[in-house]
Each structure stands twice: as C-alpha cells, then as structure tokens.
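Inside the fold
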Amino acid sequence: VLRIETKAAPRSLDPSEALGDPAMELERARLSGLLFETLVTLDARGEAKPCLATAWTHDLARRRWVFSARPNVVLHNGQPWQPTPRSLEFPDEQPIEEILRTLAKRQNAIVIHDGTTAVGTGPFKVLTWDAGKTAVLAAHDGYWGGRPYLDEARILMNRGYAEQATAFEAGLADAIEIPIHEVRRQAARGGRSTVSELNWILALIPEKTIAAPIREALSHAIDRTAVHSVLLQKQGEPTGALLPQMVSGYAFLFGADRNLAAARQAVGSTSPMTLSYDRRDPLLKPIAERILLNTAEAGISLRMATADAGADLRLAWLPISSRDPRTALEDLGNLLRLPLEGASLYGIERALIERRSLIPLFHLPVAHRLSSAVRGWTSREWPLADVWIQQ
Amino acid sequence: MTFRTKLLVVSSITLAGAVALTTGAVSILTRRAFDRINEQRRTALVAQLQKQLEVQSRDVEGKAQRASAYEGVFRLAVEASRAAPDLSAHYDDARPLAEGQSADFLDLLQPDGTIISSAHWPARFAYKNDWQIAPEDFASPTAFLTRVPVPEGKAAVAMVAVRPVAVGEKKIFVAVGKKLDATFLASMGSVPGTRTLLWLSPQEVLDANGPVASPDKLGSLATQAMQSGRRDAATIQWSADRYDSETVFPIPLTKRGTALGVLLVATSLAEQLRLERSIVWTGVLVGGAGILLGILIGWWATERITRPIASLSEGVRAVASGDWSARVPVSSADEIGELASSFNRMTEQLVEQRDRTVQAERVAAWRELARRLAHELKNPLFPLQITVENMKQARDRHPEQFDEVFRESTSTLLAEIGNLKTIIGRFSDFSKMPTPEFESVDVSALARDTAKLFGPQLTAEGRVPIELKLDLASEGTTVPADPEQLGRAMRNLILNAMDAMPGGGTLTIRTTAQQDGVRIEVSDTGAGLTEEECARLFTPYYTTKSHGTGLGLAIVQSVVSDHHGRISVHSAPNQGARFEIDLPARRAS
C-alpha cells in the first residue's frame, strides 16, 4: 500500500465533468489519469502514442478516421470494454495531428457511467472517494497493460506542506510533496526526493490592466537569476516565456535577464501598485519579497497587498498541462480566458503574454519526497502504475 | 443699590470667593500631588526600563555568542572562506538559528555587510545589511540598540549584538537582534495607571497589548522628541472622553545621536481628572449652599445692622427737608449707636445754632434797616429842617419876603416829602413782593424786549455810550415764569450793569438753553467786585453805590428764588461782573 499526501483537493474524479475551474481540472487530471484513459496519449515530444486505440486509419472513402479499439480491455467493474465501431470513427475534417491531440486531452478520456459511478479502464480503480479529502485506489487486476505493482494507493488530499512533512517524519506517508527549494536540502541530508518535468510556470499575473511599459519595467527589474540560484535552490529555470524551451523550442526569444537601467527607463512615473500571493505557499513569500526589493531598486512603487482581493499583481502558478505546445497554450488560454491568436506558436504565446500583460518568471517542476521503500517513481507526476514498495 | 443689598452682595461674593479660592487651592495641591506621584511612577518605570534593557542586552549577547558557536555557522564560515564560495545553499540558515535562539532578527553577514542569510527577511540575501550597524559595531563586545528595517517599509528597534566567526583570516558575522516590542514592554511589569509605549513611526506605535489605536495622536510629540532629543511631557486625549487622557513623557532612543524611536511613558489622568472634578463640584455645591445660607443669614444680619442706619438716614432726610426737630432712636452702644447719639446732638446744636443765627441776623437786619432808614431818611430830613428854619427866619426877619420864601420852601418841602414817600414806597414794595403768576415765557424774547427799553438810555447824551450785545438762543428758552417779575429782575440787572459802567463799556445779555432749563447771563465790563462784595451782594440794603437802596439785587434774588431758580455772580476787580440766572424748565411741585 502506498500512502501519498497532496495539496490538491479535486471535488471530482470524472474527467468528463466540468469543474468550471481550469486549474482545478488540471489538478484533477493527475488523479484521473490513473483511473481513466484516452484513446491516444502524447509522449514527451508531443507525439501521439496508442493507448486504448491501437491504430488509426482512413476509411475506404477517406472521409473518416477509424480508430481500432484495443482488445481485451476490461473495465473497473469487470465488464469488457466493447466500444461500437461508430464511436471510434471521426470525420476527416481536421489534420490527423489535430484529431490525435484532441483525443489525447484528459477530458476526452473514456468514461463509462455505471449508474452513479464513473468506470474507467486505467490501472487503478476507486475503492473509496471522499471528495477533497481522501481517495483510496485499488489496483485494477484486469488492466490491459498489466496489473500495477501496488495493491492500493491511499491518497490524503488538501494537506499543507507542513502537515505532509509531519506525516512523513512520523512514518504515516510514503510520498509527499515538498517545496521545490527543499530538494537540495533533502539531498544534502541524504533524503530521497524526485522532481518532475517542468510543468509549472511561476508568473506575475496582473489583476488589473497595466501599461506595456510597466510590464516591461517589472520584467526587467526582477533578478530571476538570483531568485533561481538562492530561493529556488537552482531548481527549474528562469524564463520570460510561458512554455519551457524543451516544449516550445523558442523560449530563449523571451528575455529573462535583469536590466535595471532599462527598467528605470521604462518605468517613468508610476502610481503605486500592490502584489499578492497565496500565503499558504511557503515558496512564494520570499520570492514576492525579493520582487519588492528588486522593483524598489528600479524605482517602481510596489508593495505587498494586505488582502488578496484588489491587488494589482498576483504571484501565482500557471500549469503546463501538456508536452504538446499547442495543447499547453490552449489550456493556458482557457485558464486566462483568452482565445488564442496568432499564426505561429510563438505568435500565440507572445499574444497571450502581451494581451494579459503576463510576466513569466520561472518554469518549475513538482518535487516529491519519497520514503526509502518507494521504488519506480519516475519524473512523471504520480507514476503510480510503475511504482512498487520494497519490503 | 441699598446699603443692605450691598452688604448682601459683598458678603455673598466674599463667601463665593473664599470657596472658589479654597477649591482652586485644593485642586492645585491635588494636581501637584498627582504630579509628584506620576513623577515617582515615571522614575520607577524609567529605572525598570533601564534594567530591562540591561537584561535584554545580556540576553542578546548570549544569543549571539551561542549562535556564532553553532556548527552550521562554522560550516558556512568555511564555505565563505573558499575562493569561489557557493553560499546559495545557506540562504535559509539564519531562520533555524534564529528560531533556536528565540531571536527576532538574525543575519549572517559577510565582512562587507552583505547578507548571506536573513532570518526575518530571507529575500534580502546578497543585499547589504541596513541595520544601522557601523563598522565599529562589528567589533563591539556589548549589545546596542539599533533600528532594523523589516518588510513592507516598516522598521523595528532592536537590541543587537554582533559576533564574528573566523576561519583563518576570513570572517563572517552573526548579527542577532531582539526587538523592543509589546512583549518587551509587557516584561517591564506594570505600575498602576502607567504604561509604556514604543513609537517607531507615525503608523507603528505599540504598547504591552500590541498596536495602539490612534497612533497619530503621538506623532507630533514623538517627532519633536526624535528631532530635538528633548523630554517635554505632553497631555494626549485619546478620545472624545476627556478622562481618556494621559500625560506622555517621551524618552528618545538614540544610537550615536541618531534617533531610533521613542519610548513613551504614559500616565493616566483619569483618576486625577475625576478627583479634580469631584473637588470642583464639591466646591460648587458648598459654595452654592454657602451663598444661599449667606443670603438668608445676611438678610437677617444686615436687617439688624442697617435698621439704625436706616433710622439715621430717615432723620438726615427729615433734617434736610427742614424738620430740624427730627431725632433717631439710639438702640445700641456700638458705633452705630454712637453715630445716632451724635446725630441727635448735632441736630440739637443745629437748632440752637439756627436760633442764635436767626436771632443775630434779625438783630443785624434791624440794625441795618435802622441804619439805612436813618441814612435814607436823614437826607430828605436835613433839607426839610433847613427849609423850615429858613421859613421861620424869613417870618421873623423878613416878613415882606415870607410869602416868596414860603412858596419856594413849600415846593422844597413837598419835593423832599415826595422823596421820603418814594423811599418809604420802595421799602414797602420790597416787603410786598407778590406771588409770581407762571406762564410759558420765551426768556430770549423777554430779554430782547427788556433790552430794547434801555436802548435810548445806553446812548443818551451826556453819558459815555454803552454798547449792547445780545446773544440770545433761538430755541429751548421757554420756561414757566412770571414775565412781569422776571422782566423786573432783568431790568434791575441791566440798571446795575449800567451803573457799573459810568465810563462806558459793553453790556452783554446772553440766554442759553440748558439741559433742564434756561440760563440768563447779564455781564458788564465795569470795575468789577471784590470777593467780599460778591458774597454780600444779595443782602438787602447792601449797595456798593453812592445812591440806591441796596434792594435791587435783593429783589432780583427774591424773584429768582420764587421761580425756583438760582442766581450767582462771577466777578473780580477790574474784570467786570457777570450775573447768571438758572431757571428750571419745570415748575417745582
């Protein structure tokens, strides 16, 4: 049995159920990915790989794409998964890459509603579900990819870093989330920790419209390198882009170096602004304070907001939901409530940044602390299907 | 205002004043007593403050020493001593150290003051420490007060100690601070009615319970104390309730002449104000009751005191109205009784004196009358005697001429007898001055008419001319008068003036409207009168002229007196004379 604790607290596991909050839907995806599968998935390079569909071809009239269902797939309730052929046919109205990208989205996972229960085909099935608090997942013995090593995964949700650390020290948890800057310290102490791929963006998000020169001044004023070296303990990477270099390939075009002179020149005279952040996140406080120190040097009047509501700027996380840049940008567009505009991916990303006056600061992974018994935890988030407990 | 009322007012004012003075004196003494108590409390609190600062100083020095001896700090010093140190992994080292030492502030510093790690402000790594630590402070073995900036532009005043950690020749420094905050203020203990506040900035004022409401009220006092270093106490009223007031005594916290903040020792004035108010209200009540009682007792006492004075006053009024027989009862043997006895004796003596004077004047008048009569009658009698003797001698010696002599003598005798009759007639007239018959008389018109009668005489041939000047008011000169008698008085005055100017001169007749009547002035430029002559001028039968009966001015005075007026003369030798008659606008009842 693997005991995991997490800050996330999704209200539902059903990927087809709209939560109304893209961020929460992305958080839910980590759990639901263990339960529900899509026809295809995207690999680290964004290329489609078979999952519940083993192949896809045109029909004879070349008007539809026909996906071949994986044989011998058993649902969590023990019933075989037998999709009617029609449901696996898609009109050839878009390029196949686009169709595959759409099918790989979490919300397009295969969910069978058995009464009030959502049944999937994933490696785990739900044993107990207390929304936002506890989830107990059991291994799906009939999983087509082979039964997981774990018999059971007990997940405690809505747990702060301190609570998780206490539980871990007490031997009540096998895997917990840790602030990213703790990774280096854990390593120095000989503890086991892993970091995921870069799947989070830490950015300054204006809550109110700010002028382009002010955004430029703020971006130039912040010493990302110092924050990355010290406060983030060299985890992740400084950035001025939304998508990491390894995802988009053009992130270097968005400058991230500090230029105090340019900041002072751009700022002119500004009215005082306020900054807020999630005070439950221990990583954000020193970064926010450092931003205040940096901007003060540039002559920008920025102070900490006394309340989250009404602040001019918010230091917050944005998810990188996919290795596929278009999918990731689409999700970001949904999250920021902005339609995608632009001919190229670079143009789309530039437009998102400028229209929303975003100031991306860092791309960061998620870090987990693992007990010595946990094995097989890769850089993917929650790779529970591959994890086992060494007795 | 009657004497009795005055007595009552004076006694009431005296009583109220005494109560007010007593109340004021008690209030002042009370305030001074409170001031002394407050001073003692303040002194005790300041002594306690010094003691607590000493304790805090030793405590911080100990914390700094222990922190500098910590193994992790030594490892950091080792890392820092390397040629290319990577200090990024140590940016958070200060926090557990500070927690372990219960320090509010702990910075790990490079020798140039660059922050390696800051417990209270981790984001300040790589910035210079700005705790107002001077280079000499790095070598200071003792703790010192300084100002420590904290996030959000705020600042704290802290007791800070700095200790070096050396690896070879390379050093890092551990700066440990314990802030002066609500806990520190609470640790000083409490003296009843007194509290200690710490002013850091206009928005940051603390007491033992935390942030103080309405910190702006202390801004002026604290700023002044910071700037001037003076310790001038001030009274702060925290709310509309005046009892919510304190006397605040500032103690600037300085470091080498730089103000760090202000400790404020505040003493509540509520107790003092309540007592002062109680004293004032007691004074008001006692004073009010005293005044009421004083009025009652004063009323009774003054009635007893003023009763003989009232009798005396009544007696004086009776004497003034002519009742010289008035007497006042003597009801006591004190000063008032003595005054009443003296009054009675005075009136008795006045009556006796009056009788004697009347008698003497009567004798003198008779003598004067006899003298005047003798004088007046002697003149015509002497020609009568001569004429009769001439007739007798003519009859005896020259019978043939007797008839002629008889005729001449008879006419002479008749003339002289006529003179005698005239003289007797004048005396008779004076004795028979009629009662005036009042009517409205324009005095200016009467004066003009009267003067007109004398026009020819003033410029008659054979005498030096006299210039007549009339200066008559045109309005407000109508008074009730008997025109016949008043005209007669004017004529007498004009005749008198003409007689006074045999060598010519100026006769001036002037009338002026007065506030309550009319003034008539008749003045000449003659030889004038001596002071003695002026004094006797209106005495009947007194004259300064070789001819005349001496009744003219007496008649004038009689007329003026009958009109309830007043006559006076102003003169000096060689300066002429001026007669003034003041007549009232209303008849006396």
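Quick caveat: nothing in here was measured; it's all calculated off a predicted structure.

**Digging into the overall build of chain A**
- Helix and strand content of chain A: eleven helices and 22 strands.
- For chain A, the residues scored as buried account for 51% of the 391 residues in total.
- The long-range share in chain A, meaning contacts at least 24 apart out of those at least 6 apart in sequence, stands at 67%.
- As displayed, chain A has an accessible area near 17400 Å², and 50% of this comes from carbon and sulfur atoms.

**With respect to the overall build of chain B**
- From N to C terminus, chain B includes 13 helices and 18 strands.
- Scored against the burial criterion, the 589 residues of chain B give a buried share of 43%.
- When contacts within chain B are restricted to residue pairs at least 6 apart in sequence, those whose partners lie at least 24 apart make up 62%.
- For chain B, the accessible area works out to roughly 32000 Å², and carbon and sulfur atoms hold 55% of it.

**As for helix H3 (residues 94-101) of chain B**
All names here are of chain B.
- Within the span of H3, buried status applies to Ala 94, Leu 97, Ala 98 and Gln 101. The buried residues of H3 occupy one face: seen down the axis, they fall within an arc of 100 degrees. Seen from the buried face of H3, the exposed residues on the opposite side, beyond 90 degrees, are Glu 99 and Gly 100.
- Ser 102 sits one or two residues past H3 and shows a positive phi near 55 degrees.

**Examining the packing of aromatic side chains**
Residues and elements named next belong to chain A.
- Under the criterion given, the structure shown has twelve aromatic pairs over all chains.
- Summarising the aromatic geometry, the rings of Phe 67 and Phe 90 are spaced 5.3 Å apart at their centres and angled 90 degrees between planes, so their arrangement reads as edge-to-face. Of the two residues, Phe 67 is situated in strand S5 (residues 64-69) and Phe 90 in strand S6 (residues 89-91); the sequence distance between them amounts to 23 residues.
- On the basis of an interplanar angle of 45 degrees and a centroid distance of 5.2 Å, the ring pair of Tyr 143 and Trp 144 is categorised as tilted.
- Taking the relative accessible area as the measure of exposure, Trp 144 reaches 28% and is therefore partly exposed.

**Examining the confidence of the model for chain B**
- Summarising the model, chain B shows a mean pLDDT of 84, and 96% of its residues fall at 70 or more.
- Scoring of the predicted complex yields 0.62 for pTM and 0.78 for ipTM.

**Observations regarding the side chain of Asp 223 of chain A**
All names here are of chain A.
- Within the secondary structure layout, Asp 223 lies in the loop between helix H5 (212-221) and helix H6 (224-231).
- Nearest to the buried, unbridged Asp 223 among oppositely charged side chains is Arg 258, at 4.4 Å.
- Not counting the four nearest positions on each side in its chain, Asp 223 is found in contact with Arg 258 and Asn 294.

**Focus: the environment of Leu 206 of chain B**
- Among the structural elements, Leu 206 of chain B can be located in strand S7 (residues 204-207).
- Along the primary structure Leu 206 of chain B and Thr 183 of chain B are separated by 23 residues, whereas in three dimensions their C-alpha atoms are 9.9 Å apart.

**Re a nonpolar patch on the surface**
Residue and element names in this part refer to chain B.
- Together, Leu 292, Leu 293, Leu 296, Ile 297 and Trp 300 line one region of the surface with nonpolar side chains, adding up to about 570 Å² of accessible area.
- Along the polypeptide, Trp 300 turns up in helix H6 (residues 270-320).
- Judged by relative accessible area, which is 56%, Trp 300 ranks as exposed.

**Looking at the sheet that holds strand S10 (residues 245-255) of chain B**
Residue and element names in this part refer to chain B.
- Taken together, the six strands give an open sheet; going across it, the order is S8-S7-S6-S11-S10-S9, and neighbouring strands pair in antiparallel fashion. Bordering the open sheet on either side are strand S8 (210-211) and strand S9 (234-237), each of which pairs with just one other strand.
- Strand direction decides the pairing type here: strand S6 (residues 194-201) and S7, joined by three bridges, are antiparallel. Within S7, the residue paired with Ser 201 across the bridge is Glu 204.
- Packing against the sheet, helix H5 (residues 219-228) makes contact with S6, S9, S10 and strand S11 (258-268), and its axis sits at approximately 135 degrees to S11.

**Structural notes on the sheet that holds strand S4 (residues 154-167) of chain B**
All names here are of chain B.
- Reading across from one edge, S2-S1-S5-S4-S3 is the order of the five strands in this open sheet, with antiparallel pairing throughout. Each end of this open sheet is capped by a strand with a single partner; those strands are strand S2 (115-118) and strand S3 (144-150). Averaged over all pairs of adjacent strands, the angle between their axes in this sheet comes to 35 degrees, without regard to strand direction.
- The pairing of strand S1 (residues 105-109) with S2 spans three bridges and is classified as antiparallel. Counted as the bridge partner of Leu 109 is Ile 115 from S2.
- Against the sheet, helix H2 (residues 71-81) engages S1, S2, S4 and strand S5 (170-179), with an angle of about 70 degrees to S4.
- H3 contacts S1 and S2 of the sheet and is inclined by roughly 140 degrees relative to S1.

**A short note on the nonpolar core**
- Among the nonpolar cores identified, the biggest contains 45 residues, and Leu 218, Leu 275, Ile 287, Ile 291, Ile 300, Leu 302 and Leu 315 of chain A are the most heavily contacted of them.
- Sort the elements by how many residues they give to this core and helix H9 (residues 284-297) of chain A lands first, with five residues.
- Listed in part, the 43 residues of the second largest apolar core include Leu 53, Leu 87, Ala 143 and Phe 184 of chain B.

**Examining the interface of chain B and chain A**
- Contact with chain B, which involves 15 residues of that partner, is made by 20 residues of chain A.
- Across the chain B/chain A interface, buried area totals approximately 1400 Å², and carbon plus sulfur atoms make up 54% of it.
- When the area that chain B buries against chain A is broken down by residue, the three leading residues are Tyr 91, Phe 125 and Tyr 127 of chain B, summing to 41%.
- Our count for the chain B to chain A interface comes out at three salt bridges.
- Here Asp 86 of chain B makes a salt bridge to Arg 184 of chain A, at a shortest N to O gap of 2.8 Å.
- Counting across the chain B and chain A interface gives eight residue pairs in polar contact (both at pLDDT 80 or more).
- Among the residues making up the side of chain B that touches chain A, the classes are represented as nine nonpolar, one polar and five charged.

**Topic: the pattern of salt bridges**
All names here are of chain A.
- Under the counting rule described, the total for this entry stands at 49 salt bridges over all chains.
- The shortest N-O distance in the salt bridge between Glu 207 and Arg 314 comes to 2.3 Å. Of this pair, Glu 207 sits in the loop between strand S14 (200-206) and H5 while Arg 314 sits in strand S18 (residues 313-319), and the two are 107 residues apart along the sequence.

**So, the packing of helix H11 (residues 483-500) of chain B against helix H13 (residues 552-562) of chain B**
All names here are of chain B.
- It is at 9 Å that the axes of H11 and H13 come closest, and there the two elements cross at 145 degrees. When you trace H11 past H13, the crossing you get is left-handed. For the pair H11 and H13, contact is made by Gln 485, Leu 486, Arg 488, Ala 489, Asn 492, Leu 493 and Asn 496 and by Gly 552, Leu 553, Ile 555, Val 556, Val 559 and Asp 562, respectively.
- When the residues that make up the contact of H11 with H13 are grouped by side-chain class, the tally is seven nonpolar, four polar and two charged.

Reading guide: rules and limits
Residues numbered from 1 in each chain as written. Chains lettered and ligands numbered in written order. Predicted model: local features only at pLDDT ≥ 70, side-chain atom pairs only at ≥ 80, totals over all residues. Heavy atoms only, no water. Helix = DSSP H or I, 4+ residues; strand = E, 2+ residues; numbered from the N terminus. Buried < 20%, exposed > 50% of the residue type's maximum accessible area, 1.4 Å probe, protein only. Contact = heavy atoms within 4.5 Å. Areas by Shrake-Rupley, 256 points an atom, 1.4 Å probe, with all protein chains shown as cover. Arc of directions from axis to C-beta. Phe/Tyr/Trp six-rings, centres within 6.5 Å; stacked < 30°, edge-to-face > 60°. pLDDT = per-residue confidence, 0-100. Lys, Arg positive; Asp, Glu negative; His and termini not counted. Salt bridge = Lys/Arg side-chain N within 4 Å of Asp/Glu carboxyl O. Patch = residues over 30% accessible without salt bridge, like charges linked within 9 Å, V, L, I, M, F, W, Y side chains within 5 Å. Pairing = 2+ DSSP bridges. Axes fitted to C-alpha atoms, helices over the stretch in contact; angles between N-to-C directions. Core = buried A, V, L, I, M, F, W, Y, C linked by side-chain atoms within 4.5 Å. Buried area = accessible area lost by both parts, 1.4 Å probe. Polar contact = N/O pair within 3.5 Å; in protein donor to acceptor, adjacent residues only side chain to side chain. Nonpolar A, V, L, I, M, F, W, Y, C, P; charged D, E, K, R; others polar. Left-handed = near helix turned anticlockwise from the far one by under 90°.

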